[in-house]
Every structure is written in C-alpha cells, then in structure tokens.
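Notes for the structure review
Residue strings, one per chain:
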Amino acid sequence: MKAYLELAIGFARTGVTGYGGGPSTIPLIEFEAVKKYKWMTEEEFVEILALANTMPGPIATKMAAYIGYKVKGSIGAVVAILTHILPSIIAMIALLGVLYSYKESPIVSGMVQGVTPVIGFMLVEMAYRFFQNGRKGIGLQKMVTLSVVSLVFVQFLGLHPGILIAIFLIVAYLIADRKEKAATGTTEVLIQRKEKSS
C-alpha cells in the first residue's frame, strides 16, 4: 500500500507543479523517480525517456505509465497516470474561466514570465546531466558529434525528435549486435583452437 501511496503523491506533485506541459514536467518526474523515491537509476530514466520519445502521445503520461508499471505493475501504472493527470484536469476546469477572463491582465502575464526562467533552468540542468551520462557511456567526441547531428536535423531540417531517436536506437542496436556476433565468433574460434590443440 505504501508504494501506491508514494506513486500517487509523487505523480500528483508532478501534475500540479508541471507548469508548461510535457518537457517542463520531465525534470520533476526525474526528481520524484530517481532522487526522492529511488524507483530507478538516472541511467534507466534517460533510457526510458528516449524510448518514450519514440512513441506517440504526451511524454509525461508515458513516463508515468512506465514508472508506475515498474513499481507496482498494471495497477501502479493506472495510479501513476490518474494521479498525474487528475490534478491538472480539475485545476483546468476550475481556473480556466477565471484565467480566460484575466488573460490580458499584467498580473497573469507577470506570473507566466516569472515561472519561465525556472523551467528553462531546470531543462538546461537536466540536459547537462544527460550530456554527462552520454559522455561517460560513449565518450566525449561521439557525444559532441551526435549532439551536433541532432541539433542540425531537429532544429534546422525540421526532423521530428522521435524519428531521430528511433534512428539512433536502431543504429545502436545494429552496432551492438554486430559487436556481439564478432565477439561470439572470436570465442568460438578460440574454443575450436583449444580443442584441436588438446
């Protein structure tokens, strides 16, 4: 029961404080999943974030579903999704009319401008940590090269990030598969030589 309660509290917090939509919610989900409740490692979070980006639908909901399922199976996924989206739905219904009435108000405009730098900093800080994790995994030169390639394709050529992530995943799989086959082949050759010599 404790795990369900933690899922509910954690994802309710991300739903309430995730101002600005999916991308701004990712650092909040990462804080709950990795730092506060330790449901997964930072490396695993990066992996599921990459996989979630290749699938259709809101990124925060997909992350909630995955993490909830990892913690407590199907019911955990349902709890995480509902507690993440319900606060936003209730708040939208309750406040939409009020905010719409005061959309031209300098107070509302000031609130939006005041929150934006915080969200921007959180995204930059998370991007830096992801870059550091990638650098540890594949090396600085490859990480910089892939980052520049990603920037060119997404920002300048207008390629959807999900397509680029899918391409990178397929290429990484093919490279890993080829290396594994090469290693297996080398091992088999060594075993055959050993058998012949004995």
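Details of the structure are given in the entry above.
To keep things clear, this report deals only with the structure shown in the data block. (Residues numbered from 1 in each chain as written. Predicted model: local features only at pLDDT ≥ 70, side-chain atom pairs only at ≥ 80, totals over all residues. Heavy atoms only, no water.)

1. Considering the overall build of the protein chain
For clarity, the cut-off: Only DSSP runs of H or I reaching four residues or more are called helices, and only runs of E reaching two or more are called strands; each is numbered from the N terminus. By definition, residues are in contact when any of their heavy atoms lie within 4.5 Å. Only the protein chains shown count as cover for residues, and the accessible areas themselves come from Shrake-Rupley with a 1.4 Å probe.
For the protein chain, the count of helices and strands is 7 helices and 0 strands. Each helix and strand of the protein chain, ordered N terminal to C terminal, gives the series α-α-α-α-α-α-α. Pairs at least 24 residues apart make up 53% of the contacts formed inside the protein chain by residues separated by at least 6 positions. Accessible surface, the protein chain: about 13300 Å² in total, of which carbon and sulfur atoms supply 70%.

2. Notes on the pattern of salt bridges
What counts is decided by this rule: The term salt bridge refers to a pairing of a side-chain nitrogen on Lys or Arg with a carboxyl oxygen on Asp or Glu at a separation within 4 Å.
What the rule picks out here adds up to 6 salt bridges. Lys2 is the salt-bridge partner of Glu6, the closest N and O atoms lying 4.0 Å from each other. Of this pair, Glu6 and Lys2 both sit in helix α1 (residues 2–17), 4 residues apart, which is roughly one turn of that helix. Taking the shortest distance from any N to any O, the salt bridge between Arg13 and Glu32 comes out at 2.9 Å. Residue Arg13 is located in helix α1, and its partner Glu32 is located in helix α2 (residues 22–36); the two are separated by 19 residues in the primary sequence. A single salt-bridge network, built from bridges that share partners, covers Glu30, Glu42, Glu125 and Arg129.

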